[in-house]
Amino acid sequence: MPIKDPELLAIFEKRVIQKKVCRNCGALNPISAVKCRRCRSTNLRPKSAGIAKK
Ligand SMILES: [Zn+2]
């Protein structure tokens, strides 16, 4: 699904990148998550934010 609008693209990337990844099971959680929604582990790391910078 190609997105041509740069503003939409920025919002889209922001929403996709602002996630936390569980180190235990690899599930994606919201950036505001404290516990993993799948295994309830608190061992979360933010997904790499380096992609957002272009
Ligand atoms: Zn997990």
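Caption draft 1: A look at the overall build of the chain. Helices and strands together make up the secondary structure of the chain, namely 1 helix and 3 strands. Sequence-ordered secondary structure for the chain, helices as α and strands as β, is α-β-β-β. Pairs at least 24 residues apart make up 24% of the contacts formed inside the chain by residues separated by at least 6 positions.

Caption draft 2: Here's a closer look at the sheet that holds strand β2 (residues 28-30). Taken in spatial order, the 3 strands of this open sheet run β2-β1-β3, and their pairing is antiparallel. Bordering the open sheet on either side are β2 and β3 (44-46), each of which pairs with just one other strand. The sheet shows a mean angle of 40° between the axes of neighbouring strands, direction not considered.

Caption draft 3: Structural view of unusual backbone geometry. Look at Arg40: it is not a glycine, yet its phi comes out positive at around 65°. With respect to the helices, strands and loops of the structure, Arg40 is situated in the loop between β2 and β3.

Caption draft 4: Structural view of the pairing of strand β1 (residues 19-22). Pairing analysis gives 3 bridges linking β1 to β2, with the strands arranged antiparallel. Of the residues in β2, the one forming a bridge with Val21 is Leu28. Adjacent in sequence and paired antiparallel, β1 and β2 are bridged by 5 residues, among which Gly26 carries a positive phi angle near 80°. Bridge count for β1 against β3 is 3 bridges, and the pairing is antiparallel. Bridge pairing in β3 places Cys22 opposite Leu44.

Thresholds applied
- Residues numbered from 1 in each chain as written.
- Predicted model: local features only at pLDDT ≥ 70, side-chain atom pairs only at ≥ 80, totals over all residues.
- Helix = DSSP H or I, 4+ residues; strand = E, 2+ residues; numbered from the N terminus.
- Contact = placed C-beta atoms within 7 Å.
- Pairing = 2+ DSSP bridges.
- Axes fitted to C-alpha atoms, helices over the stretch in contact; angles between N-to-C directions.

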